Amino acid sequence: MRVALSVGVDEVRVEEVPDPVAGPGEVVCRVLACGVCVSDVSAGWVAPKLPVVLWHELVGEVEQVGDGVDGVAAGDRVVIHHHAPCGECRRCRRGHETLCESFRSTALDPGGFAERVRVPAELAGELLVLAGLDTERATFVEPLACVLRALDRAGLSPGDSLLVVGAGTSGLLAIAAAHTRAVDVVWVREPRPERLERALGLGAERHGNELVDVAIACTRARDAVADAAAAVAPGGALCLYAPPAAGTPLDLDALALYQGEIDVCASYSAGPADMRAALALIAGGAVDPAAFVTHRVPLEQTGAALELQRTGEALKALVLP
């Protein structure tokens, strides 16, 4: 089969590798589509993994089912999650399942920018059958799941006000998801006019100087994160959603955080319950991300898709093997 192998931060080669085979408890899926995530074009995230087949917003069709696998059959279209927590360790018990050692050690073989993937036994139980949901919308289950977890970690509740800073895919999903939680108002900050218009079209309001209960920074820009923090009302929460570059200091007013009892949290990835919740929202039509897809490319053009995401020309690019 063919894979798009990242051999450099901005260098991709399409290569032939042996087809994966499903062992006991395992599943092999033909990849139908894989979204490009901002993390896929983050030098600090990608460089330590090279060479690597990047991966993780993928939908596939089950081709092989190993002995002992229940719940899926050949021909099923499925959302494929990339990690699985143990559910029993101290981190899992404290609600930090994405920091679980098992979560970090489990992975797909090789990754979503490939014609096929092998889903190991630890992950086979996380496959979510799509029923009637179309493939492109289903690629947003994982990114929406990450957003839902971030909103939970920030404590967003009905009647709250929310500020979303950065209206890329994650910011737009946060706006849409917040409206399903009966919030009072969603504000947005976004410098790109076309992305701001998308956010306003989802029911967000352009932010001025209003104080908010929760602010989520969907950008790594230091000044934008500082703006998000400054907008949080006393007793509110700031969620750091976009991964900053290693060693990046934040321009936050420590005294203001202290005097205002501002909770500062971060949110990384998503767990199994988040994935199921995200699928339910998209399948039920409460969140419809179809219009967020701006570019679709074949596997041979994976490098181009990554560049489109890196420059921001693409809101969401999909690789269609």
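Our structure's up above, just so we're on the same page.
Note on numbering: residues in each chain are counted from 1, in written sequence order. The predicted origin of the model limits local features to residues at a pLDDT of at least 70 and limits the giving and counting of side-chain atom pairs to 80 or more, whereas totals for whole chains, interfaces and linings rest on all residues. In computing side-chain values, all of the structure's heavy atoms are included and hydrogens and water are not.

Caption draft 1: The overall build of the protein, seen in detail. Check the secondary structure of the protein and you find 12 helices and 15 strands. Both definitions apply: the radius of gyration is a C-alpha atom measure, and the globule rule equals 2.2 Å times residues to the power 0.38. In summary, the protein has a C-alpha radius of gyration of 19 Å against a globular reference of 20 Å for 321 residues, a match within 12%. Dimensions of the protein along its principal axes, counting C-alpha atoms only, are 60 × 40 × 40 Å. Whether two residues are in contact is decided by their heavy atoms, any of which lying within 4.5 Å being enough. Pairs at least 24 residues apart make up 68% of the contacts formed inside the protein by residues separated by at least 6 positions. Helix and strand assignments follow DSSP, with helices taken as H or I runs no shorter than four residues and strands as E runs no shorter than two, numbered in order from the N terminus.

Caption draft 2: Representation of the pairing of strand β15 (residues 317–320). Sheet topology places strand β3 (residues 27–35) next to β15; 2 bridges connect them, and they run antiparallel. What sits directly across from Gly35, in β15, is Leu318. Should DSSP find at least two bridges between two strands, the strands are taken to pair. Pairing of strand β14 (residues 295–298) with β15 involves 4 bridges; the strand directions are parallel. In the strand pairing of β15, Arg296 is matched with Leu318. Call a crossover right-handed when, viewed with both strands pointing away from you, the route from the first strand across the helix to the second goes clockwise. Where the polypeptide runs from β14 across helix α12 (residues 302–311) and back to β15, its parallel neighbour, the crossover connection is right-handed.

Caption draft 3: Spatial organisation of the sheet that holds strand β10 (residues 205–206). Reading across the sheet, the 6 strands line up as β10-β9-β8-β11-β12-β13 and stay open at both edges, with parallel pairing between neighbours. Because the sheet does not close on itself, it has two edges, and the strands there are β10 and β13 (263–266). Bridge count between strand β12 (residues 232–240) and β13: 4 bridges; the pairing is parallel. Counted as the bridge partner of Cys239 is Cys265 from β13. Helix α7 (residues 169–179) rests against β8 (161–165) and β9 (185–189) of the sheet, and its axis sits at about 165 degrees to β8. Fitted lines through C-alpha atoms give the axes, limited to the stretch in contact for helices. The angle between two N-to-C directions lies from 0 to 180 degrees.

Caption draft 4: How the structure looks around the packing of helix α6 (residues 141–153) against α7. The N-to-C vectors of α6 and α7 enclose an angle of 60 degrees; their axes lie 9 Å apart at closest approach. Considering only the axes of α6 and α7, their crossing is right-handed. Of α7, the residues touching α6 (which contributes Pro143, Leu144, Val147, Leu148 and Leu151) are Ser170, Leu173, Ala174, Ala177 and Ala178. Each residue receives one of three labels: charged for Asp, Glu, Lys and Arg, nonpolar for Ala, Val, Leu, Ile, Met, Phe, Trp, Tyr, Cys and Pro, and polar for the others, Gly being one of them. Of the residues that constitute the contact of α6 with α7, the class distribution is 9 nonpolar, 1 polar and no charged. Definitions for this section: a left-handed crossing has its near helix turned counterclockwise from the far helix by less than a right angle. A right-handed crossing has that turn clockwise.

Caption draft 5: A look at the pairing of β3. With a 1.4 Å probe rolled over the protein chains alone, any residue whose accessible area is under 20% of its type maximum counts as buried; one over 50% counts as exposed, and the rest are partly exposed. With 8 of 9 residues buried, β3 lies mostly within the body of the structure. Where β3 and strand β4 (residues 57–65) come together, 8 bridges link them in antiparallel fashion. Looking across to β4, one finds that Val31 is bridged to Gly60. The sheet contact formed by β3 and strand β6 (residues 116–119) spans 4 bridges and is antiparallel. Bridged to Val28 within β6 is Arg118.

Caption draft 6: Summary view of the packing of aromatic side chains. Only Phe, Tyr and Trp rings are paired, with Trp represented by its six-membered ring, and only when their centres lie within 6.5 Å; those with planes under 30 degrees apart are stacked, over 60 edge-to-face, the remainder tilted. According to the stated counting rule, one finds 2 aromatic pairs in the structure shown. Note on Trp45 and Tyr268: the rings are 6.0 Å apart at their centroids and 55 degrees apart in plane angle, and the pair reads as tilted. Taken as a pair, Trp45 in helix α1 (residues 43–46) and Tyr268 in the loop between β13 and α11 (272–283) lie far apart in primary sequence, 223 residues in all. Using a relative accessible area of 35% as the deciding quantity, one classes Trp45 as partly exposed. Judged by its relative accessible area of 26%, Tyr268 falls in the partly exposed class. Here Phe140 and Phe292 contribute two aromatic rings whose centre-to-centre distance is 6.1 Å and whose plane-to-plane angle is 75 degrees, an arrangement assigned as edge-to-face. Highlighted residues: Phe140 in the loop between α5 (135–138) and α6 and Phe292 in the loop between α11 and β14, separated in sequence by 152 residues. Pair check on accessibility: Phe140 and Phe292 agree, each one buried. For a lysine, the NZ atom is tested; for an arginine, the CZ atom; a charge sits over a ring if that atom is within 6 Å of the ring centre and within 35 degrees of the ring normal. One Lys or Arg, Lys49, reaches over the ring of Trp45 and ends 4.0 Å from the middle of that ring.

Caption draft 7: Up close: helix α8 (residues 193–201). Within the sequence span of α8, burial applies to Arg195, Leu196 and Ala199. For α8, the angular spread of the buried residues around the axis is 100 degrees, confining them to a single face. For α8, exposure combined with an orientation more than 90 degrees from the buried face picks out Pro193, Glu197 and Gly201. For α8, the secondary structure elements touched by its buried residues are α7, β9 and β10. Each C-beta atom gives one direction from the helix axis, and the arc is the one those directions make.

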